[in-house]
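Listed here are the chains, written in short residue letters.
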Amino acid sequence: MILKGDRLILGACYYPEHWPESMWREDLRRMLDTGIEVIRIAEFAWNKIEPREGVFDYSFFDRFLDMAEEEGMKVIFCTPTATPPAWLTEKYPEALNADIDGTLFYHGARRHYNYNSPIYRELSARITEKSASHYAPRPCVIGWQIDNEVNCETDFFYSESDHNAFRVFLQEKYGTLDELNRAWGTAFWNQTYTDWQEVHAPRKTYTNSTNPHEVLDYYRFISHSARSFVKLQSDIIAKYKKPGDFITTNGLFGHLDNHRMTAESLDFMTYDSYPNFAYSQELYAGDSDVMKDRKWSRNLSEVRSISPVFGIMEQQSGANGWNSRMEAPSPRPGQITLWTMQSIAHGADYVSYFRWRTCTMGTEIYWHGILDYSSRENRRLREVRDIHRKLQALGGLAGSRYQARVGMIRDYDNIWDAQLDIWHGRLERQSQKAFFEAAQLTHTPFDYVYLREDTTPEELAGYTVLFYPHAAILTEKQAKLLERYVENGGILVAGCRNGYKNIDGQCVRDELPGLLSGLTGTAVAEYTPIAPDTGAVFINWDGDRLPASEYVEELEAAPGARTAGVYEQDYYQGSGALIENRFGKGTAYYYGSAYTVDAVKTFLKKLGVASPWAGVVQAPQECELAVREKDGRQYLFLLNYSPKAVGAQLLRPGKNLYTGETVSGSLELGPYGTAVIELT
Amino acid sequence: MILKGDRLILGACYYPEHWPESMWREDLRRMLDTGIEVIRIAEFAWNKIEPREGVFDYSFFDRFLDMAEEEGMKVIFCTPTATPPAWLTEKYPEALNADIDGTLFYHGARRHYNYNSPIYRELSARITEKSASHYAPRPCVIGWQIDNEVNCETDFFYSESDHNAFRVFLQEKYGTLDELNRAWGTAFWNQTYTDWQEVHAPRKTYTNSTNPHEVLDYYRFISHSARSFVKLQSDIIAKYKKPGDFITTNGLFGHLDNHRMTAESLDFMTYDSYPNFAYSQELYAGDSDVMKDRKWSRNLSEVRSISPVFGIMEQQSGANGWNSRMEAPSPRPGQITLWTMQSIAHGADYVSYFRWRTCTMGTEIYWHGILDYSSRENRRLREVRDIHRKLQALGGLAGSRYQARVGMIRDYDNIWDAQLDIWHGRLERQSQKAFFEAAQLTHTPFDYVYLREDTTPEELAGYTVLFYPHAAILTEKQAKLLERYVENGGILVAGCRNGYKNIDGQCVRDELPGLLSGLTGTAVAEYTPIAPDTGAVFINWDGDRLPASEYVEELEAAPGARTAGVYEQDYYQGSGALIENRFGKGTAYYYGSAYTVDAVKTFLKKLGVASPWAGVVQAPQECELAVREKDGRQYLFLLNYSPKAVGAQLLRPGKNLYTGETVSGSLELGPYGTAVIELT
Amino acid sequence: MILKGDRLILGACYYPEHWPESMWREDLRRMLDTGIEVIRIAEFAWNKIEPREGVFDYSFFDRFLDMAEEEGMKVIFCTPTATPPAWLTEKYPEALNADIDGTLFYHGARRHYNYNSPIYRELSARITEKSASHYAPRPCVIGWQIDNEVNCETDFFYSESDHNAFRVFLQEKYGTLDELNRAWGTAFWNQTYTDWQEVHAPRKTYTNSTNPHEVLDYYRFISHSARSFVKLQSDIIAKYKKPGDFITTNGLFGHLDNHRMTAESLDFMTYDSYPNFAYSQELYAGDSDVMKDRKWSRNLSEVRSISPVFGIMEQQSGANGWNSRMEAPSPRPGQITLWTMQSIAHGADYVSYFRWRTCTMGTEIYWHGILDYSSRENRRLREVRDIHRKLQALGGLAGSRYQARVGMIRDYDNIWDAQLDIWHGRLERQSQKAFFEAAQLTHTPFDYVYLREDTTPEELAGYTVLFYPHAAILTEKQAKLLERYVENGGILVAGCRNGYKNIDGQCVRDELPGLLSGLTGTAVAEYTPIAPDTGAVFINWDGDRLPASEYVEELEAAPGARTAGVYEQDYYQGSGALIENRFGKGTAYYYGSAYTVDAVKTFLKKLGVASPWAGVVQAPQECELAVREKDGRQYLFLLNYSPKAVGAQLLRPGKNLYTGETVSGSLELGPYGTAVIELT
């Protein structure tokens, strides 16, 4: 029913187990009356189906689903594995997760289990089988959510089962200890393994620092474990679900290849979007980032890279917080609409609010839903009704896709390497942040483009320019792919520290930038983090000045390549900072530093890809501009994240979908205001 | 002998076990010569009585008490259970306390035991029985201290014995697991218990966050455990103590219902007062609080609420610190007097200095007593002699009581809930701090008024105004009590977030403020923490402007009630911020935010209770004003906490008790100076 | 070959196990070509000799040493005990170290073992015996390094073996528990031991604070354990090494009496010098210390106090960092030379760079050597070649010794006490920092003078002035030694808090400054840390104003002594701050506070020892001035730590050893520039 490309649908998260059964029917009716057509249920309700080991009782949800069917509500049903029952963990403590010291995590939070415990996998498979076989045939059920927020709460696992499974994972990957020793560089610090039993997942070390190649494999292993756990359930559900019903889970979290998980186990991704975190007490104070809630468009762009059209399983509708941490205010009038439209602008055709009513018990009593603790009508409910009204008018854009000509290449090996390697991580964080901000401020839509096993040159060919800032790890296959892209006319912009590691995370002994040397026509003569007493470093690029950041590589141009920019400060003054290399029909740039916002803006402008909609709409910096397109129709989203009204100029006439009127010229957006214009 | 209402008495803490016996007699004589009539001994001396398990040897303290009796010194004897012997914890590690991970705490500090270990309770009872039966008959012994600073060092206990005792505590409280599951809201996150063995005290969880209702019961359980441990000893001592001898312990520490402990086990409370902490390296730097050492009057007000006339078991007399933490300077000339008078102003009739001489060994070598390591005469000893001289002249006020017409209501359930719930805690900390500071600066004496099981309307009736700022948890009984108070003419000022939780700490589904709705004539339409980008929020109360803080509730007045104040900022501009409701002969106010100092000042002024002594004395802000009263005689205390001399104006003549002279008009207080005036 | 007093020699650290054997020969030739004559190898290569327990295979290093001998490279061979093999710790987990909670540390870092495990000592002795007996006869081997950086990574050990060995250490030290109880002051907080099994190394306590006297003994025990482990190996190597070959290890790290270790086990100390840490991301930001990389001269002065002529086993030659922490930039042009000359100025006759080539795998991929990952020629290699050229010209100063007339007395008991006692530590850190900075800025060379068991008055007599700022622990023997020094004409400057503790770290009951009272003619009447609200405190010393710091003692002059300075602030205004006491032919000063830079400068000037070379060279503050002397020849080192060129004035002609030219008058030092002048 949802994501069918025919209309935009609203949903909500609902917890029948939190409320007296006597409240159910009125809740269902009020939700439907509000425009909420779908609810998600049961993701933390194992006990309601298997109250004791091996004893199954379907009556609770049967009663609820009966009523849903009577009232006409559709349901996404969940597997309950994110919170195992107390009877389970008390009897099988091996199902629990542990910290790196081996100390177990217990009940009270979530995900206090590990993915590799044989007994937990067995019991999880059984509850999934029981649930799916019983509930999947219900007419009201339209799809399934597996677990809840996989790898949320933690993306580190150190139980005994994980140590054992890691060993098996490595045996399958490397075959022999010699291969493992080679890949992990165990000759360093005398870490050579002579028996498989000596191999463990990371354990406690001084300054919490262990072999980085082991850690890289360990992150891969966590991803493997989580994927395997999801697939275990997905395979079972697939046996029972009705034709047309979907399987999904709600992300995105760390140490997890979401692309591969989706490809092998899901129909599409759903995302849980909480932009109000940006205004929480903990984050706001120390946060100099001007993007605030607008940063969630980064996350939505990630989701788009997995599923071009996707769902929001949890969209923020109130103040958020636990009793013990996180305190964010209530959304101001208009913000629920703003964040809903932000989701839709990036490709969401289904938006489900978290949650119908605020829970009165447990850790999340401050994680507010649409309603507060009481059933009293309120401002947020009124706003959701208004959103529903708006979405009726937007239905035509369902199934349309976000448009971008600029891509930012990403891949999991480098994401994980940047987490374990602070030199890599510092560059990555800086450049990604700068890139996003520059793209937003210049209204340059972009896509994240993940390099996967099966990525083809054709997938890349759609982008005029691709950035790949600090791909420390680079494989021959990836290098070839990039070469093909440039040969065919693409523009590739590499940043410093490209290609200095192999797939194991070991540094290559080649001259740098290693596998990118030929494509970029570049040799790195010297390199250094910018010293803390250097001050600002600038690069002169044919007369334009770009502020560098974090790192400096002194670059030499190969024959045929051109030194397009040089440093202006410190001992590397005059050394090459940017190399331009024609390659086939395209051009490769190698940039010797990390990105600042101004540097990215300069690249976008010089490479001719900045502000592609400038001829259509002049929007102020406070607004995000996004465009979805389907069947030749273009839908412009204008999202004002500021508390002040702003004005845009529409240079071509279009239809304001909220009002149905044709508009052009001045367009006013109120505080947190939004507009969706279908270009005519 | 002490707290008999006849005179003020000085004491000191003394450690015979720290010094060669050859020093004892001279020490006793010098103390008596200084005016110190009572000493406290033996609180860390288990080994001196039971050097090996089951072997008792009374000779050490017998020799000391013989000498005390010869010299005429009175003695408070302690049970030694705050530091179990090494032989005990080595043989019975189950007596040790553990952290939340289960890791044991060992010797080296104090309270490394738990209250629930059966063997530790048995051995504690035996050493108490042995000590009491042997030493209680001694003529010099005038009273007993149980343990030392109960719940100091830690107020968290996670030993195996605690897990077991918590289970028993819950079985007695709830009877059935169904009741427990209901009270703890275990339907949330699938925490339902199906067997009592699954129930534990909090254990390690992600982000150290477990079920808040469980934590609330856990804090109640800690209080229960500590009280039970004190009562175990108190019951034994009661069998042996001489008539007229007292039982006490020295507080105040966390997770402990001191009121109930005192009622069931003690004759009165004593307090350990260390105002110089305010000038320690650790606290001073980051502390923007202008109250500094004056804050200790908050603690003394707490003690007063337990025992209107009380003792100070440890009054700071030197620099303080451990070898490993805490560094505070020596009291400046006058400060020992100031802090002693601060204690007496609030109701202390006995003040015992910590300690006669600074210890030369162990962790507390920088916790200075009156003397330094040597026996050399010094400035602090001279000051104590002068204090003794002053107290002779103040003797007439012994037994008098602190006077206040304003009360701040407190109760343990909300205190503990504010510790586990950061939303609640933030409000509570802010408002309590503001209230204390405003009361101090306006010279408005106040009492803390604890709501207990047996609190009567009559107890409340003595107060013109009662504040109860953020009573999240509110029971019907308490609501009725408050209604009775207002009906009878009282003025109640509630703050935001009142009444939104039940006794289990679960949120109520009623419209807010729940049980206070009727009394306050208020409905809460919307609420939100003040967003971090909002800036200052003001409330207009009939033309007066009050700065709000932390939280905003949009209030609606019920029929008959009046919207007395509205917000001036953000989207809630113009919404109700203060409701005034006539109720019986009194008035209830519901205030939609947390308090600032200026807000409290406005309330005190508008409600006519600010500065009740303004017609008697005009004191500068630097001074605390306190009044004790007995048999119609009033004693004014003026305490200057500043390093500069200040002047007050006495508008009615009185007797300066330090000099015996009648004074009026200008009264000069030197740096850290004090004066006690008996009004005539 | 090295440290023979005939020439200055360059070396490098090399890791044959990191590189294909096919690279070895070219590396050896290039190193020799660069001027590197010695390499250190094998410190983390246990597996290369004993790949399985009891299986020894010498072939790997035999092949390498064969090649070294063919090419003419000399070798320092290491014992590999700093990183035990995985097979060892997997089979014998008792060899692992633990944290204070008892949780074991595992593979992944270094020194994850303890010095006291019987099996680890046995296996360490065996690998040492095997290595030494096999490799020592090799002609290319010229010396041995034991382990690597003893007590680096951690200087705390809490394994079961450590608890047991600590008990034995204490039994040997104290004989009886009564003596232990007395020394540890266990009467405090009831810590009396009645059975040796109750005695443990420190374990987990609240606020991580245990008996300070126990901790003092525990630090002594760690030093004892490390020394014993080094001696175990040293004794074995001594049996096998060729005559003239040396034994050393590379330091300095904590909880280790390096002087005693060197005396009993080594021929001389080597040091690992990484001044670029000062420019690391972690340290630079929060570091207000103006000394930056110049601070490493403090460390080098420490090394000189152990071995007047010494080696640098690891001299920084590139950017540094782990993948998980520490990020420092590449040395700027000239800095490798600067830091090499800094080492030599202080007495290094051998300088070995860390390392030939940057490792491509493991934790230290960012700990750069001379070459980067590739073998590409680079700027740093060119600089090392230039250093080699310079050293050829400096060879004549080999064997010369650093010259100083001012001494700073130190001793391990006080160093360790200052670590466990924050009151002591705060003073010590402040005064040592101020002293070093003042000495550097005034170009006043100084020595650290360690008081050891066998220190003689003659050793002290060489110094005009000795500072001993805060010797909390003072023994009669030390007091006598100081008296002898002053009697004979020396000037002793004591700082506050001298002599208030005995050898156990217990405070003395004597009047302060205890054993120094007579020598200094001083009595301490009162004392206090300077209160945080006092503001700046000044001392007036016969008209000169010195800023005090941290602490104030109010001093009284004994008959014959003179109050030379008084405080100007707070309640101690006018009290004695500095006592001057003629004693024999010399003078003792007792100074009642901690040192500031300006205070030290005043002392140096007033006591006539500031800037002893002012008549020879006028150097700017940015430069360090050091002088080495041999056979009447004096070598002036001028080291410019700043990024700007500076000018010095040579007032006497000398020979610029870099150029061979005679110079006088203006002498320009470029950015990071250095000069070595042989005075004529």
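None of these values were measured; they are calculated from a predicted model.

Q: What should I look at first to understand the overall build of chain A in this one?
A: Scanning chain A for helices and strands turns up 19 helices and 27 strands. The C-alpha atoms of chain A give a radius of gyration of 26 Å, which matches the 26 Å a tight globule of 680 residues would have. The proportion of buried residues among the 680 residues of chain A is 60%. Sequence separation of 24 or more characterises 73% of the internal contacts of chain A that already satisfy a separation of 6 or more.

Q: How should I be thinking about the nonpolar core in this particular structure?
A: Nonpolar side chains in soluble globular proteins tend to be buried together. The biggest cluster of nonpolar side chains holds 674 residues, and the ones touching the most others in it are Leu 492 of chain A, Leu 492 of chain B together with Leu 492 of chain C. The contacts of Leu 492 of chain B, once residues within four sequence positions are left out, are Leu 466, Tyr 468, Leu 482, Tyr 485, Val 486, Ala 588 and Tyr 589 of chain B.

Q: Honestly, the pairing of strand β14 (residues 491-494) of chain C in this entry has me stumped. Any pointers?
A: The two faces of the sheet receive side chains in turn, since in a regular strand these alternate between them. Residues and elements named next belong to chain C. Judged by which residues are buried, β14 turns out to be covered on both faces: Ile 491 and Val 493 on one side and Leu 492 and Ala 494 on the other are all buried. Bridge analysis of strand β13 (residues 465-468) against β14 gives 4 bridges, and the strand direction is parallel. The residue bridging Leu 466 from the neighbouring strand is Leu 492, located in β14. Following the chain from β13 across helix α17 (residues 476-487) to the adjacent parallel β14, one finds a crossover that is right-handed. Across 4 bridges, the pairing between β14 and strand β21 (residues 586-591) is parallel. Residue pairing across strands places Ala 494 opposite Tyr 590, the latter belonging to β21.

Q: What exactly am I supposed to notice about the interface of chain A and chain C here?
A: Quite often, the size of an interface is put as the accessible area lost when its parts meet. Each side of the interface is counted separately: chain A has 42 residues, and chain C has 52 residues. Mapped onto the side of chain A that touches chain C, the elements with two or more residues apiece are α8 (212-240), α15 (422-441) and β15 (522-529) of chain A. Examining the composition of the side of chain A that touches chain C, we find that 3 residues originate from one element, β15 of chain A, more than from any other. Grouping the constituent residues of the side of chain A that touches chain C by class yields 17 nonpolar, 14 polar and 11 charged.

Q: Can you walk me through the relation of the copies chain A and chain C in this structure?
A: Copies of the same chain, two in number, are related to each other by a rotation about an axis and a translation along it. Overlaying chain A on chain C yields an RMSD of 0.0 Å, the required transformation being a rotation through 120° with an accompanying axial translation of 0.0 Å. In symmetry terms, the pair is related by a three-fold rotation axis. Taking C-alpha positions as the reference, the residue of chain A nearest the rotation axis is Thr 103 of chain A, at 5.7 Å.

Q: Is there a simple way to explain unusual backbone geometry in this structure?
A: A negative phi angle is the norm for most residues apart from glycine, just as the trans form is the norm for most peptide bonds. Each neighbour pair has its own omega, and for Leu 512 of chain A with Pro 513 of chain A the value is 5°, a cis peptide bond. Look at Glu 550 of chain B: it is not a glycine, yet its phi comes out positive at around 70°. Examined against the element boundaries, Glu 550 of chain B turns out to sit in the loop between β17 (544-547) and β18 (551-557).

Q: I tried to follow the domain arrangement of chain A on my own but got confused; where do I start?
A: All names here are of chain A. Taken as a whole, chain A is organised into domain 1 (406-606) and domain 2 (617-679). Taking only C-alpha atoms into account, the centre of domain 1 sits 34 Å from that of domain 2. Classifying every residue of the side of domain 1 that touches domain 2 gives 2 nonpolar, 2 polar and no charged.

Q: Hey, could you run me through the interface of chain C and chain B in this one?
A: With 42 residues of chain C at the interface, the matching set in chain B holds 52 residues. Sorting the residues of the side of chain C that touches chain B by element identifies α8 (212-240), α15 (422-441) and β15 (522-529) of chain C as the ones contributing at least two each. When its residues are assigned to classes, the side of chain C that touches chain B shows 17 nonpolar, 14 polar and 11 charged.

Q: How do you make sense of the packing of helix α14 (residues 412-420) of chain C against α15 of chain C when you look at a structure like this?
A: Residues and elements named next belong to chain C. Packing of α14 against α15 leaves a shortest axis separation of 6 Å and a crossing angle of 115°. α14 and α15 meet at a crossing whose hand is left-handed. The segment α14 lies against α15, with Asp 417, Ala 418 and Gln 419 engaging His 424, Gly 425 and Glu 428. Partitioned by chemical class, the residues of the contact of α14 with α15 number 1 nonpolar, 3 polar and 2 charged.

Q: Help me understand helix α17 (residues 476-487) of chain B, please; the structure alone is not making it clear to me.
A: Think of an α-helix as 3.6 residues a turn; residues three or four steps apart then line up on the same face. Residues and elements named next belong to chain B. Between the first and last C-alpha of α17 there are 16 Å, a value that for 12 residues agrees with the 16 Å anticipated at 1.5 Å per step. What α17 keeps buried is the set Gln 478, Ala 479, Leu 482, Glu 483, Tyr 485 and Val 486. Projected down its long axis, α17 shows its buried positions confined to an angular sector of 160°, all on one face. Buried residues in α17 make contact with α16 (457-461), β13 (465-468), β14 (491-494), α18 (517-520), β20 (576-583) and β21 (586-591). Following α17 by one or two positions, Gly 489 adopts a phi angle in the positive range, close to 115°.

Q: What is the right way to read the sheet that holds strand β7 (residues 270-273) of chain B from this model?
A: The pairing of strands in a sheet happens through backbone hydrogen bonds and is either parallel or antiparallel. Residues and elements named next belong to chain B. Strand order in this open sheet of 9 strands is β5-β4-β3-β2-β1-β9-β8-β7-β6, and the pairing throughout is parallel. Looking at the sheet topology across the chains shown, the edges are occupied by β5 (246-248) and β6 (250-251). With 4 bridges joining them, strand β3 (residues 74-78) and strand β4 (residues 141-145) adopt parallel strand pairing. Note on β4: the bridge partner recorded for Phe 77 is Trp 144.

Q: Could you clarify how one ought to interpret the environment of Thr 520 of chain A in this entry?
A: All names here are of chain A. With respect to the element layout, Thr 520 can be found in helix α18 (residues 517-520). C-beta crowding within 10 Å serves as the criterion here: with 28 such atoms nearby, Thr 520 is assigned to the buried category. For the pair Thr 520 and Arg 562, spaced 42 residues apart in sequence, the C-alpha to C-alpha distance is 10.0 Å. What Thr 520 contacts, discounting residues up to four positions off in sequence, is Ala 494, Pro 513, Ile 579, Asn 581, Ala 588 and Tyr 590.

Q: Would you mind showing me how to read the confidence of the model for chain A here?
A: Parts of the prediction with low pLDDT should not have their coordinates interpreted in detail. Confidence along chain A averages 97 in pLDDT terms, with 100% of residues attaining 70 or more. Across the predicted assembly, pTM comes out at 0.97 and ipTM at 0.97.

Q: Would you mind going over the sheet that holds strand β2 (residues 36-41) of chain C with me for this structure?
A: Residues and elements named next belong to chain C. The 9 strands are arranged β5-β4-β3-β2-β1-β9-β8-β7-β6 in an open sheet whose pairing can be described as parallel. The sheet terminates laterally at β5 (246-248) and β6 (250-251), the two strands that pair on one side only. The pairing of β6 with strand β7 (residues 270-273) spans 2 bridges and is classified as parallel. Across the sheet, residue Asn 250 finds its bridge partner in β7, namely Thr 270. Seen against the sheet, helix α1 (residues 21-34) touches β1 (9-13) and β2 and runs at an angle of roughly 130° to β2. In the packing of helix α11 (residues 296-306) onto the sheet, contacts are made with β7 and β8 (310-316), and the angle to β7 comes to roughly 175°.

Q: Would you mind going over the pairing of β13 of chain B with me for this structure?
A: All names here are of chain B. Of the two faces of β13, the one holding Val 465 and Phe 467 and the one holding Leu 466 and Tyr 468 are both buried throughout. Direction of pairing for strand β11 (residues 406-410) relative to β13: parallel, over a ladder of 3 bridges. The partner of Met 408 across the bridge, within β13, is Phe 467.

Q: Help me understand the packing of helix α8 (residues 212-240) of chain B against helix α14 (residues 412-420) of chain B in this model?
A: If you want to describe how two helices pack, look at the angle between their axes and the distance between the axes. Residues and elements named next belong to chain B. Two elements in contact, α8 and α14, have axes separated by 10 Å at closest approach and are oriented at 130°. Between α8 and α14, the interaxial angle falls into the category oblique. Like other packed secondary-structure pairs, α8 and α14 cross with a definite hand, here right-handed. Residues Pro 212, Val 215, Leu 216 and Tyr 219 of α8 pack against Trp 416, Asp 417 and Leu 420 of α14. Across the contact of α8 with α14, the residue classes tally to 6 nonpolar, no polar and 1 charged.

Q: Please explain the environment of Leu 451 of chain B as it appears in this structure.
A: Residue and element names in this part refer to chain B. Looking at the secondary structure, you find Leu 451 in the loop between β12 (446-450) and α16. Accessibility expressed as a C-beta count within 10 Å gives 23 for Leu 451, which makes it buried. Separated by 39 residues in sequence, Leu 451 and Tyr 412 place their C-alpha atoms 8.3 Å apart. Excluding anything up to four places from it in sequence, Leu 451 contacts Ile 409, Asp 411 and Gln 478.

Q: In this structure, what is going on with the environment of Pro 137 of chain B? I would like to understand it.
A: Positionally, Pro 137 of chain B belongs in the loop between α5 (118-135) and β4. Along the primary structure Pro 137 of chain B and Tyr 240 of chain B are separated by 103 residues, whereas in three dimensions their C-alpha atoms are 7.5 Å apart.

Q: Would you mind going over α14 of chain B with me for this structure?
A: Counted residue by residue, α14 of chain B has 7 buried out of 9 residues, so it is predominantly covered. In the core, the buried residues of α14 of chain B are packed alongside α8 and α15 (422-441) of chain B.

About the thresholds
Residues numbered from 1 in each chain as written. Chains lettered and ligands numbered in written order. Predicted model: local features only at pLDDT ≥ 70, side-chain atom pairs only at ≥ 80, totals over all residues. Helix = DSSP H or I, 4+ residues; strand = E, 2+ residues; numbered from the N terminus. Rg over C-alpha atoms; globule rule 2.2 N^0.38 Å. Buried ≥ 20, exposed ≤ 12 C-beta atoms within 10 Å, placed from the backbone. Contact = placed C-beta atoms within 7 Å. Core = buried A, V, L, I, M, F, W, Y, C linked by C-beta atoms within 7 Å. Pairing = 2+ DSSP bridges. Right-handed = clockwise from strand over helix to strand, strands pointing away. Nonpolar A, V, L, I, M, F, W, Y, C, P; charged D, E, K, R; others polar. Least-squares fit on C-alpha atoms with pLDDT ≥ 70 in both. Domains from an automatic or database assignment. Axes fitted to C-alpha atoms, helices over the stretch in contact; angles between N-to-C directions. Left-handed = near helix turned anticlockwise from the far one by under 90°. Expected span 1.5 Å × (residues − 1). Arc of directions from axis to C-beta. pLDDT = per-residue confidence, 0-100. Parallel < 35°, antiparallel > 145°, perpendicular 65-115°, else oblique.

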